[in-house]
Amino acid sequence: MKTRITELFGIQHPIIQGGMHYVGFAELAAAVSNAGGLGIITGLTQRTPELLANEIRRCRELTDKPFGVNLTFLPVVNTPDYPGYIRAIIDGGVKVVETAGNNPQKWLPALHEAGIKIIHKCTSVRHALKAEAIGCDAISVDGFECGGHPGEDDVPNFILLPRAADELKIPFVASGGMADGRSLVAALALGAEGINMGTRFIATQEAPVHDNVKAAIVAASELDTRLVMRPLRNTERVLRNVAVDRLLEKERQLGTAIKFEDVIDEVAGVYPKIMKDGTMDAGVWSCGMVAGLISDVPSVKALIDRIMAEADEIIRARLDRMLAA
Ligand SMILES: Cc1cc2nc3c(=O)[nH]c(=O)nc-3n(C[C@H](O)[C@H](O)[C@H](O)COP(=O)(O)O)c2cc1C
């Protein structure tokens, strides 16, 4: 399948693995890239620019295909050394950066000068248009269904994607709720040039996370996610657990007076405990509604091959037959 996204990034299939904290290590990024998609290392999971440089080297040893690095600009307690991370990305010869969380304008000149393509992930048409205006090369349009930070507008992909298609000139992929060949064909029909998946890629053989995480996603239905930190205007879609219920109770009790310090036990430093140790109630962790569509833990290659075969079948057999009738 050839789309503006496969052309832009020099990949075989229009499937991207979004940056994921404590999931997007070299093993997963390389597996996705080796299977013909675009794998992405999560920059800030590496605590220093030196560690990111090392992770980029490790990824390069595992694949000779293009891969990217995610740089997330979110409200965090200590501002990361962004100039250092940018340097590690440029020196590491990375050719794609996925930005998210805030306007990446400040970093674009240095990245573009190094020949790096920027795909900016955002949750609204106005932010997508802003990203296009400042010179981003592509957009990941993240609908309300998505795992992680869906923003505050709550527009699901069935509306958001055609709206983006009406407004954007640069290519975009559909992100949030994508799981299979049906998702891919639907995304293409709505105007996207491919898909970005997070949660689906966690439930794969190569995802370097504890088996408890994969089992939790397989066990979950589409009813099992919750939105937390809404009163802080830092909404995150997470899988329901004891910590999520506790946090939501705090939100109910404290109302608009709630501060980040009130929820720190549930959100700060919990990812290694969940992703590495498999302590599933250690805190809140991002997960999409798409968990309801995930019922197995295939290899990344089997997953991507299955998505492409299913998409082919839907287009050539199911849809074409409807037209012929
Ligand atoms: C466990 C987890 C961690 C994530 N961490 C990040 C992150 O650090 N930076 C980022 O830009 N997006 C992050 N995301 C969002 C994904 O990149 C992607 O946009 C999202 O998962 C798409 O929705 P889906 O889960 O329905 O596929 C994370 C998602 C998950 C599930």
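Since we're looking at a predicted model, the values are computed, not measured.

Colleague: Can you walk me through the nonpolar core in this structure?
Modeller: A general trend in soluble globular proteins is that nonpolar side chains are found buried together. Ranked by internal contacts, the top residues of the largest apolar core, which has 84 residues, are Ile89, Ile139, Phe201, Val213, Ile217, Met275 and Trp285. At 7 residues, helix H14 (residues 300–324) tops the list of elements feeding residues into this core. With residues near it in sequence (within four places) discarded, Val213 still touches Ile202, Ile274, Met275, Met280 and Trp285. Judged by nonpolar contacts, the second largest core, of 11 residues, contains Val238, Leu247, Val263 and Val284.

Colleague: Is there a simple way to think about the environment of Ile89 in this case?
Modeller: Its location among the elements puts Ile89 in helix H4 (residues 82–91). Residue classification places Ile89 among the buried positions, given a relative accessible area of 0%. Separated by 161 residues in sequence, Ile89 and Lys250 place their C-alpha atoms 39 Å apart. Sequence-distant contacts of Ile89, that is, excluding residues within four places in its chain, are made with Leu52, Ile56, Val69, Leu71, Val94, Val97, Leu111 and Ile116.

Colleague: How should the site of the ligand be read in this particular structure?
Modeller: Near the ligand there are 23 residues, and of these Gly19, Thr72, Lys121, Gly198 and Thr199 occur at the shortest range. In the environment of the ligand, an oxygen atom lies 2.8 Å from a nitrogen or oxygen atom belonging to the backbone of Gly177. A distance of 2.8 Å is found between an oxygen atom of the ligand and a backbone nitrogen or oxygen belonging to Gly198. Within the complex, the protein chains bury 93% of what would otherwise be the 600 Å² of accessible surface of the ligand. For the shell around the ligand, the elements supplying multiple residues, two or more each, are strand E3 (67–72), strand E8 (195–197) and helix H9 (199–202). For the shell around the ligand, the per-class residue count stands at 7 nonpolar, 14 polar and 2 charged.

Colleague: Please explain helix H6 (residues 125–134) as it appears in this structure.
Modeller: Since the α-helix packs 3.6 residues into each turn, any two residues three or four apart lie on the same face. Where H6 is concerned, the buried positions are Val125, Ala128, Ala131, Glu132 and Ile134. Where the residues of H6 are buried, they touch helix H5 (108–113), strand E5 (117–122), strand E6 (138–142) and helix H7 (157–167). Gly135 occupies a position one or two residues after H6 and carries a positive phi of about 110 degrees.

Colleague: For this particular structure, what's the right way to read the pairing of strand E10 (residues 236–239)?
Modeller: Successive side chains on a regular strand alternate, one facing one side of the sheet and the next facing the other. What you see with E10 is no split at all: Glu236 and Val238 on one side and Arg237 and Leu239 on the other are buried throughout. Relative to E10, strand E9 (residues 225–228) runs antiparallel, the two being bridged by 4 bridges. The residue of E10 that forms the bridge with Thr225 is Leu239.

Colleague: Would you explain the layout of surface pockets in this entry?
Modeller: To find the voids left in a structure, one rolls a probe of water-molecule size over its atoms. Of the voids in this model, the second largest pocket is the one considered here, and its volume is about 280 Å³. For the second largest pocket, the lining is made up of 17 residues, of which Glu145, Phe158, Gly176, Gly177 and Met178 are closest to its centre. Listing elements by their share of the lining of the second largest pocket, those giving two or more residues are H7 and helix H8 (181–189). Top contributing element to the lining of the second largest pocket by residue count: H8, with 4 residues. Classifying every residue of the lining of the second largest pocket gives 9 nonpolar, 5 polar and 3 charged.

Quick notes on the rules
- Residues numbered from 1 in each chain as written.
- Predicted model: local features only at pLDDT ≥ 70, side-chain atom pairs only at ≥ 80, totals over all residues.
- Heavy atoms only, no water.
- Core = buried A, V, L, I, M, F, W, Y, C linked by side-chain atoms within 4.5 Å.
- Buried < 20%, exposed > 50% of the residue type's maximum accessible area, 1.4 Å probe, protein only.
- Helix = DSSP H or I, 4+ residues; strand = E, 2+ residues; numbered from the N terminus.
- Contact = heavy atoms within 4.5 Å.
- Near = heavy atom within 4 Å.
- Polar contact = N/O pair within 3.5 Å; in protein donor to acceptor, adjacent residues only side chain to side chain.
- Areas by Shrake-Rupley, 256 points an atom, 1.4 Å probe, with all protein chains shown as cover.
- Nonpolar A, V, L, I, M, F, W, Y, C, P; charged D, E, K, R; others polar.
- Pairing = 2+ DSSP bridges.
- 1 Å grid on protein atoms, 1.4 Å probe; cavity = no way out; pocket = protein on both sides within 12 Å on 5 of 7 lines; lining within 4 Å.
- Points joined across faces, edges and corners; volume = space filled by probe spheres on them.

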